[in-house]
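A look at the structure
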Amino acid sequence: MNDSLYHQMTDDLLIDIEEMLDQCEVDIDYESASSILTMTFLNGSKIIINKQPPLHQLWVATKYNGHHFNFQNELWIDERTDVEFWSFLDEAVSKQAEQPVKLRK
């Protein structure tokens, strides 16, 4: 993957998440700046998603740990757990929101 494609894909993904959060029935605040998306939950915890251009990765920091995602076979996959990004995100958001959340329908 070249740099241009990486930036387009990750920018699109961050915009998709923002749109999903706007439609989400659970109250989750978010702020986006400089390719960093920060979600803040009612309990004060945060999830931070940011681009890592030199590595062509997407990094996610949750209350519990950090994850690095690589683009493989048309999916973003956690390099440590092999979990697909959207499945991971729904689980992480649900855990921190303290209620079930499914961002991607």
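Criteria and thresholds
Here the residue index of a chain counts from 1 through its sequence in written order. Only residues with pLDDT of 70 or above have their local features reported here, since the model is predicted, and side-chain atom pairs are shown and tallied only from 80 upward, although totals for entire chains, interfaces and linings are computed over all residues. Hydrogens are left out, water is left out, and the side-chain values use all remaining heavy atoms of the structure. A pair of strands is treated as paired once DSSP finds two or more bridges between them. Helical segments are the DSSP runs of H or I of at least four residues, strand segments are the runs of E of at least two, and each set is numbered from the N terminus. Fitted lines through C-alpha atoms give the axes, limited to the stretch in contact for helices. The angle between two N-to-C directions lies from 0 to 180 degrees. What a helix is expected to span follows from its residue count: subtract one and scale by 1.5 Å. Think of it in three bands: with a 1.4 Å probe and only protein chains considered, a residue is buried below 20% of the maximum accessible area for its type, exposed above 50%, and partly exposed in between. In protein, a polar contact means a hydrogen-donor-capable atom and an acceptor-capable atom, both N or O and within 3.5 Å, with residues adjacent in sequence counting only if both atoms are side-chain atoms; elsewhere, any N or O pair within 3.5 Å suffices.

1. Focus: the sheet that holds strand β6 (residues 75-78)
With antiparallel pairing, six strands are arranged side by side in an open sheet as β1-β2-β3-β4-β5-β6. With one partner strand each, in any of the chains shown, β1 (29-33) and β6 form the two edges of the open sheet. For this sheet, the mean inter-axis angle between neighbouring strands, taken without regard to orientation, is 20°. In the sheet, β1 pairs with strand β2 (residues 36-40) via five bridges, with the strands oriented antiparallel. Within β2, the position partnered with E31 by the bridge is T38.

2. Description of helix α1 (residues 3-23)
Relative to the 30 Å expected for 21 residues at 1.5 Å per residue, α1 spans 30 Å between its end C-alpha atoms, a close match to the ideal helical length. Along α1, the residues classified as buried are Y6, M9, T10, L13, L14, I17, E18, M20 and L21. With a side-chain oxygen positioned 3.2 Å from the backbone nitrogen of S4, the residue opening α1 is N2.

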